[in-house]
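So you can see what is in the structure, the chains are spelled out below.
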Amino acid sequence: MIGIVDYGMGNLFSVSKALERLNAPYFISQYKGNLMEADALLVPGVGSFRDAMKVLDRTGLTEMIQAFATTGKPVLGICLGMQLLFEESTENGLTKGLNLLPGKVERFTGQTAEGEAYKVPHMGWNKLRFTGDSPLLASLDEDYVYFVHSYYVKTNDPGVLVAVGDYYDVEVPAIVGRNNIFGMQFHPEKSSDMGMTLLRNFANLATERKTDQ
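Residue numbers run consecutively from 1 along every chain, following the written order of its sequence. Per-residue local features of the predicted model are confined to residues with pLDDT of at least 70, and side-chain atom pairs are confined, for both listing and counting, to 80 or more; whole-chain, interface and lining totals are unaffected and use all residues. As a rule here, side-chain values come from all non-hydrogen atoms in the structure, and water together with hydrogens is ignored.

Going by what an unreviewed UniProt entry lists, the protein chain is known as Imidazole glycerol phosphate synthase subunit HisH and is assigned to Mesobacillus boroniphilus. The record in UniProt for the protein chain states the following under Subunit (unreviewed entry): "Heterodimer of HisH and HisF." UniProt positions are given in the numbering used here, feature names are shortened, and annotations may be inferred rather than shown by experiment. One UniProt comment on the protein chain, placed under Subcellular location (unreviewed entry), says "Cytoplasm".

### Description of the packing of aromatic side chains
Each Phe, Tyr or Trp ring (for Trp, its six-membered ring) is paired with any other whose centre lies within 6.5 Å, and the angle between the two planes then decides the class: stacked below 30 degrees, edge-to-face above 60, tilted in between. Inspection of every chain in the model, using the stated rule, returns 8 aromatic pairs. Ring centres 6.4 Å apart and planes at 85 degrees place the aromatic pair F108 and Y118 in the edge-to-face group. With a gap of 10 residues between them, F108 in the loop between strand 7 (104–107) and strand 8 (122–127) and Y118 in the loop between strand 7 and strand 8 connect regions that are remote in the sequence. Here F108 matches Y118 in class, with each residue buried. Secondary structure elements are taken from DSSP: a helix is a run of H or I of four residues or more, a strand is a run of E of two residues or more, and numbering for both begins at the N terminus. Think of it in three bands: residues with accessible area under 20% of the maximum for their type are buried, residues over 50% are exposed, and the middle band is partly exposed, with areas taken using a 1.4 Å probe on protein chains only.

### Side note on the pairing of strand 4 (residues 75–78)
Neither face of strand 4 is open: one carries V75 and G77, the other L76 and I78, and all of them are buried. Pairing between strand 3 (residues 40–43) and strand 4: 3 bridges, direction parallel. Looking at strand 4, one finds that L42 is bridged to L76. For two strands to pair, DSSP has to find at least two bridges joining them. Pairing of strand 4 with strand 14 (residues 181–184), which is carried by 4 bridges, proceeds in the parallel orientation.

### Overview of the UniProt feature "active site" (unreviewed entry) in the protein chain
Listed under "active site" (unreviewed entry) in the UniProt record, and renumbered for this structure, are C79, H187 and E189. A maximum C-alpha distance of 10.9 Å is found for the annotated residues, which run over 111 residues; spatially they form one tight group. Assessed through its relative accessible area of 8%, C79 is described here as buried. The contact criterion used is simple: two residues touch if any of their non-hydrogen atoms lie within 4.5 Å. Contacts of C79, omitting those with residues within four sequence positions, involve G45, V148, M184, Q185, F186 and H187. Those residues in contact with E189, other than ones at most four positions away along the chain, are S14, V15, A18, R21, I78 and L199. Within the structure, E189 has its side chain in polar contact with the side chain of S14 (distance 3.3 Å). Here a polar contact is taken to be a pair of N or O atoms separated by no more than 3.5 Å, where protein atoms must pair a possible hydrogen donor with a possible acceptor and residues adjacent in sequence count only if both atoms sit in side chains.

Set out below in structure tokens:
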């Protein structure tokens, strides 16, 4: 059973509907005790990093997610939820994140090194390039996914990169992961067959781990 964290800033409807289409059991909760009992945790997110962390800190969900991560059960962050997995963000001032993966979240500058202007937010379909191994990539080839974001992760640890996408001269971490912690910068629930397969592979991780216990 996948526990979806409800902290008031996630697109719960589209994510839950995608899991329903996959026949993947889930529940939505804001309660720490309930979420700790899940077989896997999904952290969605739309909006401001600082606002999200304020809610998570105030409600005790920050500590819950960090504790869940230590159990070895799968954790997946989507869009803002992926960014929250990292150390900090510069959005609306420097804000500490969940510190589950190494890296910092920064805003697209809107200008390439050569001075060419580009639009922010990054919005639309971009093709992924696989850069690492991950169970999320099972049965998948490189394909297009749908992004909507103004901030992206910068990390000095290439080992956490599973797939990247290019937006002008920025190499955008699109799928990240280490051990049981995973993130997707794009919206898998809006990314056609590619996105649905990624979500199915995550749901399978929860099922496989429960079976192994």
